[in-house]
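Results of the structural survey
Here is what each chain is made of, one letter per residue.
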Amino acid sequence: MQDQAPSFTPGELQETNAPADAALLQAEVPDENGAVLFMVQGEEGTAYTRNGNWTVDAEGFLTTADGQYILNNEGAPVETGNESFQITGNGTVLLENGGEAGQLGVAYAPDTNDLVKTEAGMFEAEEELGAAADNENIRYQIKQGFLEQSNTDSTQAMTELMEAYRMFESNQKVMQTYDRSMEKAVNEVGRLG
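Source: prediction; values computed, not measured.

So, on to unusual backbone geometry. Non-glycine residue Asn17 carries a positive phi angle of around 60 degrees. Relative to the elements of secondary structure, Asn17 occurs in the loop between strand S1 (13-15) and strand S2 (22-28). By relative accessible area, Asn17 is classed as exposed at 59%.

Put into structure tokens, the structure is as follows:
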């Protein structure tokens, strides 16, 4: 069970110039808690991720760092052959020989709170998510050679960490005071007899 629902707020982009890297820019979705995600071949069906740090395996398929296949919009692994390919803004993969490897699979989750995070850092849905390209109310863009960075606000995270530490110290002092009073009570009760 998840302690906290993950945030799908877009993070800053970092240019890597690596041809297999891709960032998913979410411009517009119809639902407040909605998000677009890349489709990946998971262990038990389709999995979803925002992580576009990919590579081309020895057989010429686009994969995650863990070797899971990146899927096209038809649910098949994307075969590029090598790293000499281009990804257009809508996710179409153009090959070195002028052919196409299809359009990258981008799914739409209307409510990200319904997604469950897997041990591999991917997300799964109870029912397969629909393709974002099929919904005219969804606008997104894919940027090749970029990665989306963490969307964590480090200042906010440090502030919350300091607040938690202060609360811990305060509770620790209360427990020490309680221990001293209990020790005193035990010692004085023992002397009465």
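This next bit is on the sheet that holds strand S8 (residues 92-95). Ordered by their spatial adjacency, three strands build an open sheet running S7-S8-S9, and the pairing between neighbours is antiparallel. Only two strands of the sheet have a single partner each, and these edge strands are strand S7 (85-87) and strand S9 (100-103). Each neighbouring strand pair of the sheet contributes to a mean axis angle of 10 degrees, computed without reference to strand direction. Examined bridge by bridge, S8 and S9 share two bridges and lie antiparallel to one another. Residue pairing across strands places Leu94 opposite Glu100, the latter belonging to S9.

Time to look at the pattern of salt bridges. In total, this model carries one salt bridge according to the counting rule given. Linking Arg50 and Glu148 is a salt bridge whose minimum nitrogen-to-oxygen distance equals 2.9 Å. One end of the pair, Arg50, is in the loop between strand S4 (45-49) and strand S5 (54-56); the other, Glu148, is in strand S15 (residues 146-148), and 98 residues separate them in sequence. A residue is classified by how much of its surface remains accessible, and Glu148, at 22% relative accessible area, is partly exposed.

With respect to burial, S4 is a largely interior element, four of its five residues being buried. Of the strand pairs in this sheet, strand S3 (residues 35-42) and S4 are connected by five bridges, and their pairing is antiparallel. Looking at the pairing, Gly42 lines up with Gly45 of S4. Taking the residues between adjacent antiparallel strands as the criterion, S3 and S4 are bridged by two residues.

On to the nonpolar core, then. Membership of the largest hydrophobic core comes to 24 residues, with the highest contact counts inside it found for Leu62, Leu104 and Ile142. Elements represented by at least two residues in this core include exactly S2, S3, S5, S7, strand S10 (106-109) and strand S14 (139-144). In terms of residues, this core owes the most to one element, S3, which gives three residues. Beyond its immediate stretch of four places on either side in the chain, Ile142 contacts Ala22, Ala23, Leu24, Phe38, Ile87, Thr88, Gly89, Asn90, Gly91, Leu104 and Val106. Residues Tyr48, Ala107, Phe123 and Leu129 belong to the second largest nonpolar core, which totals eleven residues.

A few words on the packing of aromatic side chains. Applying the stated rule across the entire model yields two aromatic pairs. Each ring, one from Phe38 and one from Trp54, has its centre 4.7 Å from the other, and the planes form 75 degrees; the classification is edge-to-face. You can see Phe38 sitting in strand S3 and its partner Trp54 sitting in strand S5, a full 16 residues away along the chain. Both residues of the pair, Phe38 and Trp54, belong to the buried class.

Reading guide: rules and limits
Residues numbered from 1 in each chain as written. Predicted model: local features only at pLDDT ≥ 70, side-chain atom pairs only at ≥ 80, totals over all residues. Heavy atoms only, no water. Helix = DSSP H or I, 4+ residues; strand = E, 2+ residues; numbered from the N terminus. Buried < 20%, exposed > 50% of the residue type's maximum accessible area, 1.4 Å probe, protein only. Pairing = 2+ DSSP bridges. Axes fitted to C-alpha atoms, helices over the stretch in contact; angles between N-to-C directions. Salt bridge = Lys/Arg side-chain N within 4 Å of Asp/Glu carboxyl O. Core = buried A, V, L, I, M, F, W, Y, C linked by side-chain atoms within 4.5 Å. Contact = heavy atoms within 4.5 Å. Phe/Tyr/Trp six-rings, centres within 6.5 Å; stacked < 30°, edge-to-face > 60°.

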